[in-house]
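Inside the fold
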Amino acid sequence: MISDLHLPLILLAALVAMASPGPATLAIAGTSMNAGRRFGLALAAGVMTGSLFWSSAAAFGLGAIMLANAWAFEVIRYAGAGYLLYLAYRSARSALSREQGIGRQFKVTSCRAAYRKGLALHLTNPKAVLFFGSLYSIGVPADAPLSSLAIIIAAIASLGAVVFFGYALIFSSAPMVAGYARLRRWCEGAFAIVFAFAGIKILTARIAGD
C-alpha cells in the first residue's frame, strides 16, 4: 500500500540529493549562463533522463545486481571519474584563457548535443547507483506492488523536472548571465576545482566490501 512507502521521506531525500550542488547541477547552471536557456533546458532534460533511468533500475533491482557484480560498478565509476576530470580540464583551460565567450566545457552545437552531454553526465555517475539503490532499499518494502513502484518513479521524476529545469531557468536569467560575464574566469576556475574534486573522489572511493 502507498501508506507503507514513506513517500514524503523518499521525496525529501531525493530533493536534497538532486538540488545539492554537484557536477550535474553545476553543468546545468554553467551551460544555461554560457550557452543560453534553450541549451540549458536540453542539458537538464538529459540529466533528468539519466536520473529516471537509475531510479527505474533501482526500483526493479538492477542497482542491487550491479553493486553485487563489482566489475559493472567499477566500469561506471571509472567512466564517470574520467568524464568529470575531462570537464575539469576544459574548465581550467577556459579559466586561464583571456578570450571572452562560452567556456570550453559548455560549448554545445545543438540541443541534441546538450541533451547527450547531460545524459552522459548522469549515466556515468556512480553516486546515482548508490543513492537510488539505498533509497529504494530503505524506503520501499521488498514486496511493494508494481503500482506503488510506478508512483515512486513518477514522483521522483516530477521532482527531478522541477529541480533540473528550475536550475536552467534560474541560471539563464539576465542577472545571472550578467554576473557570470563579469566573473567568468573565477566561475570557471571554481567549476574546474569542483569537477576535479568530484572526479578524484569518485576515482579513489572504496565501495562497501572492497
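For the structure itself, look to the data block above.
To start, this report covers the structure provided alongside it. Note that the structure is predicted; figures quoted are calculated from it, not measured.

With respect to the packing of helix α1 (residues 7–19) against helix α8 (residues 146–171)
Contact geometry for α1 and α8: axes closest at 10 Å, N-to-C directions at 30°. Put simply, α1 runs roughly parallel to α8. Note that α1 runs across α8; the crossing there is right-handed. For the pair α1 and α8, contact is made by Leu 7, Ile 10, Leu 11, Ala 14, Leu 15, Met 18 and Ala 19 and by Ile 151, Ile 152, Ala 155, Ile 156, Leu 159, Gly 160, Val 163, Phe 164 and Tyr 167, respectively. In the contact of α1 with α8, the residues fall into 15 nonpolar, 1 polar and no charged.

A word on the side chain of His 122
By the secondary structure assignment, His 122 is in helix α6 (residues 111–123). Ignoring sequence-local partners within four residues, the contact set of His 122 consists of Ala 24, Val 47, Gly 50, Ser 51, Trp 54 and Ala 128.

With respect to helix α10 (residues 184–204)
At 3.6 residues per turn, the α-helix brings residues three or four places apart onto the same side. With 21 residues, α10 should reach 30 Å at 1.5 Å per residue; the first-to-last C-alpha distance of 30 Å fits that figure. Buried residues of α10: Arg 184, Glu 188, Gly 189, Phe 191, Ala 192, Phe 195, Ala 198, Gly 199 and Ile 202, and no others.

Structural notes on the packing of aromatic side chains
Applying the stated criterion across every chain, the model contains 2 aromatic pairs. Relative to Trp 54, the ring of Phe 53 lies with its centre 5.0 Å away and its plane at 70°, an arrangement referred to as edge-to-face. Both rings, one in Tyr 167 and one in Phe 171, keep their centres 5.7 Å apart while their planes meet at 10°; by these two values the pair is stacked. On the criterion of helical spacing, the pair formed by Tyr 167 and Phe 171 is a turn pair, its members being 4 residues apart in helix α8. Across the ring face of Phe 39, the terminal group of Arg 38 is positioned such that the distance to the ring centre comes to 4.9 Å.

Rules used throughout
Starting afresh in each chain, residues are numbered from 1 along the sequence in its written order. Local features are withheld for residues below a pLDDT of 70 in this predicted model, meaning they are given only at 70 or higher, and side-chain atom pairs are given and counted only at 80 or more; totals for whole chains, interfaces and linings count all residues. Think of the side-chain values as coming from all heavy atoms in the structure, minus any hydrogens and water. Orientation is described by axes fitted as lines to C-alpha atoms, over the contacting stretch for helices, and by angles from 0 to 180 degrees between their N-to-C directions. Only runs of H or I of at least four residues qualify as helices and only runs of E of at least two qualify as strands under DSSP, and these elements are numbered from the N terminus. An angle below 35 degrees is read as roughly parallel, one above 145 as roughly antiparallel, one from 65 to 115 as roughly perpendicular, and any other as oblique. By convention the crossing between two helices is left-handed if the near helix lies anticlockwise of the far one by an angle smaller than a right angle, and right-handed if it lies clockwise. Contacts were defined at the residue level, with two residues in contact if any of their heavy atoms lie within 4.5 Å. Residues are grouped as follows: Ala, Val, Leu, Ile, Met, Phe, Trp, Tyr, Cys and Pro are nonpolar; Asp, Glu, Lys and Arg are charged; all remaining types, including Gly, are polar. Expected span, for any helix, means 1.5 Å times one less than how many residues it has. For each residue, the accessible area found with a 1.4 Å probe, counting protein chains only, is set against the maximum for its type, and the residue is called buried under 20%, exposed over 50%, and partly exposed in between. Between 30 and 60 degrees the pair is tilted, below 30 it is stacked and above 60 it is edge-to-face, where a pair is any two Phe, Tyr or Trp rings, Trp via its six-membered ring, whose centres lie within 6.5 Å. Only Lys NZ and Arg CZ are tested; either one counts as a charge over a ring when it is within 6 Å of the ring centre and within 35 degrees of the ring normal.

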